[in-house]
Amino acid sequence: FFVVTMAKNPKCNGIAAATAVLVSALFLTTFFTLISTSTSFVFTTKNLPLATTKKSVLFLPKKTTTKRSSTTTLKHLIKRSALYQYQSSGDTVEGETYDLSLFSPCKINLFLRILRKRPDNFHDLASLFQTVGFGDVLHFKLLPTETQDADGNSHINSEDELLCDMDGVPLDKTNLVLRAVDLIREKTGITDKFFKVNLVKQVPAQAGLGGGSGNAATAMFGVNELLGRPATHEQLVEWSGELGSDITFFLSLGSAYCTGRGEIMTPVSPLPAGTKLIIVKPNIGLSTPAVFKALDYDQLSTADPESLLQQFLSGATVSDVPADAYVNDLEQPAFDVLPELRALKDELETVGGFDRVMMSGSGTSIFCMGQPNDLDAFMAKFGKRDDLSVFSTEFINRENGEGVWFEGEGPALK
C-alpha cells in the first residue's frame, strides 16, 4: 500500500520510490522469516495480570521467561505459575469487581505428636505449624441490602453466595468459608450484612495442608475487615476454635505451637521466612478420620514435644534441626492404609539436596525441605508423573499489625 501510494504521487521522485520499495522488501523479509520459525513462542511473564485489579493481587512472577509450544494457552501458562500478593482493595474477576482480595496460605507440620485419645473421641496433639506461600485467593464483596432484578422488582439480600473454580468443592453451608461468615455475624451481632465470596483454589483436598482451614480463617479476617473491624484479633482467635481444629493457627503470625485438638495456639518466634521446600502431592487422598482409625497407639513416638519445639527454635535454620526431631505420628497409619505413600517418601529421601522429607498432617502431601541438587532431573522423574503434583514454595510469616494479612508466592511446578 505504501509503495502504490508513493508511485501515484506526482511529487514523488525516483529516489523516494526506490526507498519505499527497499523498506517494504525489508519488512516482508522479516515478516516471513518470523512466520517460518514460529514453531515455538517465548512468553515473558513480566507483570502479566491474571485479573484486572486496582492493586494487583494475582499476577505472574516478574523476570520469568517460559518457553511453550505455539499451542500452549496463556491460561495453561498462568495456571502453572502464579504469584499471589496479599490484600488488594478489590479485584475484577470475570467482569465483577470485589471489595477485598486476600491470599489464603496453607501449612505444614514440622512435627506432629499424638499424645492421647480424649473422652470426646478427639485426640490431644502437639505440633509445630508453619505457613507456606502456596495457597488460594478469596475475593470478597459486601452485598447491598436491596437489589433490583431486570424487571425492576426489589429483592432483599438475605443470604451469602459462594463461588469456587475447583470441581467438588461444596458451595453450601457445609463449606467452612460460609460457616466462618455466619460465625462473624453471630458473634458481632451484625446480622443484616451478607457477602459474595469467590474462592480461587489451588490447594488440593485431603493433602494435610489445611487448605480448608486456611480459607475459613481468611474468611473470618476478610469479613471482619469489610464490616469495619467490629471484632478484635483476640476475639477472632477465640471464636475460630468453634469452627475447627486448625483454623486458629492461620490467625497467628505464621509459626505457632498448637496443642489440644490444634485450637490452643502458642505463638513462637517466627521461623526464617524464605526457607525453601517442595511439596509433592499424590492425586489420591486420605480422610483424617480414616487415618486416625488406623492409628496404632503402641507405635507412637515417645519424644517430648516441648523438647522437639526447642530444637526447632534454637537452630539458626531448620536445616540445623536433627532428623529425629521431624516426627509425625500419623505417618504410620497413613502408610498402612496407603503403602504407596511410604514408597513415595522413601523415593524422595534418595533425592540429593533435600535436608528432610516428611508427610504433612494426616497426608497425603509429602514435604521436602531444601531444593534438589538437580532440579531438571527431579522434575523429569517426579514432575512428569500423572499421579503426582509438585509445588515449590517457601516459609512465609505475617507482620504484626492490625489489618495486615499474609502474602505468599505459590508457583506450581506441575
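Residues numbered from 1 in each chain as written. Predicted model: local features only at pLDDT ≥ 70, side-chain atom pairs only at ≥ 80, totals over all residues. Heavy atoms only, no water.

Participant: What is the right way to read the pairing of strand 15 (residues 264-267) from this model?
Facilitator: Remember that side chains alternate between the two faces of the sheet whenever the strand is regular. Of the pairings in the sheet, the one linking strand 14 (residues 255-259) to strand 15 comprises 4 bridges and is antiparallel in character. Within strand 15, the residue paired with Thr259 across the bridge is Ile264. Adjacent in sequence and paired antiparallel, strand 14 and strand 15 are bridged by 4 residues, among which Gly260 carries a positive phi angle near 65°. (Pairing = 2+ DSSP bridges. Helix = DSSP H or I, 4+ residues; strand = E, 2+ residues; numbered from the N terminus.)

Participant: Looking at this structure, how should I read the environment of Gln148?
Facilitator: Of note, Gln148 is situated in strand 10 (residues 146-148). Setting aside anything within four residues of it in sequence, one finds Gln148 in contact with Asn153 and Ser154. (Contact = heavy atoms within 4.5 Å.)

Participant: It is not clear to me how the environment of Asp320 should be interpreted in this structure. Could you clarify?
Facilitator: As for its position among the elements, Asp320 is in the loop between helix 8 (305-314) and helix 9 (331-337). As for Asp320 and Asp355, which are separated by 35 residues in sequence, their C-alpha atoms are 9.3 Å apart.

Participant: I tried to follow the nonpolar core on my own but got confused; where do I start?
Facilitator: Among the nonpolar cores identified, the biggest contains 38 residues, and Phe140 and Met220 are the most heavily contacted of them. Listed by contribution, the elements that provide at least two residues to this core are strand 8 (100-117), strand 9 (123-142), strand 12 (161-164), helix 4 (176-188), strand 13 (195-200), helix 5 (211-226), helix 6 (233-240) and strand 14. In contact with Met220, not counting residues within four places along its chain, are Ala180, Leu183, Ile184, Leu236, Trp239, Ser240, Leu243 and Ile247. Core analysis: the next-biggest nonpolar cluster, separate from the first, contains 29 residues, Phe111, Leu209, Leu309 and Val318 among them. (Core = buried A, V, L, I, M, F, W, Y, C linked by side-chain atoms within 4.5 Å. Buried < 20%, exposed > 50% of the residue type's maximum accessible area, 1.4 Å probe, protein only.)

Participant: Whenever I open this one, helix 5 confuses me. Can you help?
Facilitator: Since the α-helix advances by 3.6 residues per turn, residues separated by three or four positions end up pointing in the same direction. When the terminal C-alpha atoms of helix 5 are compared, their 22 Å separation across 16 residues agrees well with the 22 Å that a helix rising 1.5 Å per residue should span. Most of helix 5 sits inside the fold, with 14 of its 16 residues counted as buried. One or two steps after helix 5, the chain reaches Gly228, where phi turns positive at roughly 90°. (Expected span 1.5 Å × (residues − 1).)

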